[in-house]
Amino acid sequence: MTSSTTSDAQGSSQGTGDSSAPVIVDWPTAAAPRGGATASDHLLDGLNPQQREAVEYRGKALLIVAGAGSGKTRVLTHRIASLIENREAWPSQILAITFTNKAAAEMRERVEDLLGGRTEGMWISTFHSACVRILRREAENVGFSKNFTIYDSSDSRVLLKRIIKRHDADMFGFTPANASARISKLKNELADADGYARNANMSDPNEVAFVEIFRDYQRELQRASAFDFDDLIAQTVYLFRAFPQVAALYQKKFRYVLVDEYQDTNHAQYSLIRELTREPEGDGFLPGTLEGASLTVVGDSDQSIYAFRGADIRNIVEFERDFTGAKVILLEQNYRSTQNILSAANAVISNNFDRKDKKLWTDIGDGDKIIGFTGYSGHDEAQFVADEIERLHRNGVAYGDVAVFYRTNAQTRALEEIFVRSALPYKIMGGTKFYERAEIKDAFAYLTAVMNPADELAVRRIINTPKRGLGPATITQLASFAENAETTLRESLREASTLGFGPKVTRAISDLSAVLDEAVALADAGRVSEVLTTLMQKSGLIDSLRMSRDPQDEARAENIDELVAVTKEFERNNPDGTLLDFLTEVSLVAAADDLDDASGTVSLMTLHTAKGLEYDSVFLTGIEEDLLPHRMSANEPGGPSEERRLFYVGITRARKRLFLSLAMTRAQYGETAVAMPSRYLQEIPAELIEWRQSPGSVNSRGGTQSRALNANRWSQTRGTDAAALPRAEKKEWPNKVTNSVRDNGDLELAAGDRIRHTDFGEGRVQNVTGEGTKRVAHVQFDNAGAKKLLIKIAPIEKL
DNA sequence: CTTCCCTACATTTTT
DNA sequence: TGTAGGGAAG
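Looking at an unreviewed UniProt entry, one finds chain A named DNA 3'-5' helicase, with Paramicrobacterium chengjingii as its source organism. According to the UniProt record, the Sequence similarities (unreviewed entry) comment for chain A is "Belongs to the helicase family. UvrD subfamily."

Draft legend 1. Summary view of the packing of aromatic side chains. Summed over the entire model, instances satisfying the criterion amount to 23 aromatic pairs. Judged by centre distance (5.4 Å) and plane angle (65°), the ring pair of F99 and F127 falls under edge-to-face. One end of the pair, F99, is in the loop between β2 (94–98) and α4 (101–115); the other, F127, is in helix α5 (residues 127–142), with 28 residues separating them in the sequence. Judged by its relative accessible area of 15%, F99 is buried. Here the aromatic rings of F405 and Y615 are separated by 6.3 Å at their centres, their planes lie at 70°, and the arrangement is edge-to-face. Within this pair, whereas F405 is found in strand β10 (residues 402–406), its partner Y615 is found in strand β13 (residues 615–620), the two being separated by 210 residues in sequence. Residue F405 shares its accessibility class with Y615, and that shared class is buried. Of the aromatic side chains, those joined through ring pairs into one cluster are W123, F240, Y250 and F254. One cation-aromatic arrangement involves R309 over Y306; the distance from NZ or CZ to the ring centre is 4.5 Å.

Draft legend 2. Spatial organisation of the side chain of S271. Following the sequence through the fold, S271 ends up in helix α12 (residues 267–276). Taking relative accessible area as the criterion, S271 reaches 3% and is therefore assigned buried. Sequence-distant contacts of S271, that is, excluding residues within four places in its chain, are made with L190, V237 and R241.

Draft legend 3. Highlighting the protein's contact with DNA strand B. Around DNA strand B, 27 residues are found, and the nearest of them are R309, R407, G471, E636 and Y669. Within 4 Å of the protein, atoms of DNA strand B come from sugar and phosphate in 51% of cases. Within the backbone of G469, a nitrogen or oxygen atom sits 3.1 Å from a phosphate oxygen of DNA strand B. Take Y669: an N or O atom from its main chain is 3.4 Å from a base oxygen of DNA strand B. Counting only elements with at least two residues in the surface near DNA strand B, the list comes to α21 (472–484) and α28 (607–610). In terms of residue class, the surface near DNA strand B is made up of nine nonpolar, 13 polar and five charged.

Draft legend 4. Inspection of the environment of G761 at higher detail. Turning to its location among the elements, G761 is positioned in strand β19 (residues 761–769). Judged by relative accessible area, which is 11%, G761 ranks as buried. Spatially, the C-alpha atom of G761 lies 42 Å from that of R645, the residues being 116 residues apart in sequence.

Draft legend 5. Seen up close, the sheet that holds strand β6 (residues 256–259). Across the sheet, six strands lie side by side as β3-β2-β6-β7-β1-β8; this open sheet has parallel pairing. Each having just a single partner strand, β3 (123–126) and β8 (327–331) make up the two edges of the open sheet. Adjacent strand axes in the sheet meet at a mean angle of 15° when their direction is disregarded. As judged from the five bridges shared by strand β1 (residues 61–66) and strand β7 (residues 294–299), these two strands associate in the parallel manner. Directly across from L62, in β7, lies its bridge partner T296. Packing against the sheet, α4 makes contact with β2 and β3, and its axis sits at approximately 160° to β3.

Draft legend 6. Representation of the protein's contact with DNA strand C within the structure. With respect to spatial proximity, the complete set of residues near DNA strand C consists of K161, R413, Y669 and G670. Of all DNA strand C atoms lying within 4 Å of any protein atom, the proportion belonging to sugar or phosphate reaches 62%. Of the residues belonging to the surface near DNA strand C, the class tally is one nonpolar, one polar and two charged.

Draft legend 7. Seen up close, the side chain of E207. As for its position among the elements, E207 is in helix α9 (residues 205–223). Taking the relative accessible area as the measure of exposure, E207 reaches 14% and is therefore buried. Apart from residues lying up to four places away in sequence, E207 is in contact with R182, Y196, A200 and N201.

Draft legend 8. Representation of the sheet that holds strand β21 (residues 785–790) in the model. Sheet architecture is open: five strands sit in the order β21-β20-β19-β18-β22, paired in antiparallel fashion. Each having just a single partner strand, β21 and β22 (796–798) make up the two edges of the open sheet. Here the strands of the sheet are splayed against their neighbours by 35° on average, with no regard to which way each runs. Here three bridges tie strand β18 (residues 754–757) to β22, and the two strands are oriented antiparallel to one another.

Criteria and cut-off values
- Residues numbered from 1 in each chain as written.
- Chains lettered and ligands numbered in written order.
- Predicted model: local features only at pLDDT ≥ 70, side-chain atom pairs only at ≥ 80, totals over all residues.
- Heavy atoms only, no water.
- UniProt positions renumbered as here; feature names shortened; annotations may be inferred.
- Phe/Tyr/Trp six-rings, centres within 6.5 Å; stacked < 30°, edge-to-face > 60°.
- Helix = DSSP H or I, 4+ residues; strand = E, 2+ residues; numbered from the N terminus.
- Buried < 20%, exposed > 50% of the residue type's maximum accessible area, 1.4 Å probe, protein only.
- Lys NZ or Arg CZ within 6 Å of the ring centre and 35° of its normal.
- Contact = heavy atoms within 4.5 Å.
- Near = heavy atom within 4 Å.
- Polar contact = N/O pair within 3.5 Å; in protein donor to acceptor, adjacent residues only side chain to side chain.
- Nonpolar A, V, L, I, M, F, W, Y, C, P; charged D, E, K, R; others polar.
- Pairing = 2+ DSSP bridges.
- Axes fitted to C-alpha atoms, helices over the stretch in contact; angles between N-to-C directions.

So this is what it looks like as structure tokens:
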């Protein structure tokens, strides 16, 4: 979490802009040679000629085509630092945009390191946070509330659900999910409902219904003073177009705009960049007085993996045409991976036909072979991953240097189960789990209702949470009162006593309303954590969870306590932070982005999250048909190519060691289905991979026959390796991992004890470490090798 | 209005 | 696997 995004409380831009910025009179023109000694020689040390050129080039537009691991972030950060050191720009004149908070945080950190902290006022942020910042600053000048709420995708879906129901549009096959996807796509192309209607075939009732839904959705957002994720970008573009004098403030302020991962920009983001780098016009700017900002973009079309989100690869492919006179610099030398890894990556990606040929190379050397493994089941595969990580760890590899990637979040389940049982420290990155929990969303709805009373979605959510006897009928009545009186739902709560409800209901409503009012008063003066604890206590939410006899509610109450801890943490990092700042931060920053404590644990993440990161050892799991490429992508145009790029991204994250694994069967909603090896595996030259095989797989049901297609390839490498593994293991290592809940909390184990494990058979305890529920037994199994087991949950018995 | 039970259904990736 | 929604009973 970059506290900097919110803590910077520069005034609104209605004034003369940043007072810290120098008066721009004789600004060195971009193309002017930089005379005299430069202060930045150390910024060029250790860079190759192309990298240097990318740091030093000065011109209106620069495209850096940066292959994976070619030092792109290094170039970008050094470029920014050299602009500052050479006094070509003030920090406040730099805008660096990334896609993820993690990337932004890392970039900021590295620029700070280079400059010794002189980054005050520099905007290094994601597209979304930059836009929120602009929208909040300008809101009041252009007619909306600066306290607007940001709706995430699930909020959008809740809203759409109501709208679809209202229109009975589910008859046309509309679901919240597909309507939301269509709307999102349109917004990414900067189309609104009216624009869409103009080109739509309005004799098609389905189209008519969609237009209605889209219109209603947008109307409700506006009524609630809310923006969805896509609006954040699109509305900023609209704002700039509608108010040139507002745009000019930013065009003048940002002299250098740098965009990372340019291949992933969609049309709206592209337009935003265009607006920002345009020559300023509007009040006080004579044409030609100040040129548009210098634009630097970095990208690699082979790593474009967000087409599903509207990313348009043409933005980068056509950059030169788009920005005439643009300079293009290619970075092809890879500093990250061994040649074996790169050769595999090159081989895979070369199967994408419509690309400019580009080959990564390194002078690091071949390195280890890639290790392949076929497990019987997802659990078996996970066990392999856990075992190999332990082996690496014993050989001195830190857990923090290991990452496990997968295509879908659902795959984490098996991995987690095995990792917990193996007492392997891990952390799931990018999973927003915590903030998606119902009780956390409830707590946020309370905070949101306090900050933005117009937000009907939030008020609806809390109105009967905890249960206070206000059911659908009451809510409908309140809502229609609000509708008729042209006011908000929040306001109708206040009027409850005049609406003719029964005494109990009236009382419940007034109490809630009073709690909210109290919190509003507190929010003006007090700290976020106080507002939250007050709301949780006085609304009765926390008590209802604590009193409940549902055992899960205890955990929910703890989650709310944890949220209180999060707010306190926020207060420490942002002493001046307001409730609005807090809500903004959590809306835009997935919980997993606090990368600070990722050290010392294995990182688990999706392939998408992995982009831009690198690890010594990388496990790519689930390399199977229907998973990679994913079933859903098969029919989409360009789907399989994009999935191949995803695989390519995964491979190129690895520095030294790469493991590819798959399973012969995979569990999906309780059922197990046969899985086939991914087509992409065959694109890797056989000599680069050393295949190991899962014991117990050959004769198991279903497995062999269905893989006949791949028989040649598999038998080639299979024979010798399979033989190397002790046959005995086959029986001792069954295919299923028992899921029985178990509590060995009181089991006492000591070095020397013999135990029996339901999966691994008998073994001897070597050592016991840890305390309480975290006690770990280090066991040498007779047949299954050395393992670590979390005693509390291990399926073991003492002999 | 709430609770409980049954059935249907869903799973791509992210800000 | 798990959750969300419908329907019936309290």
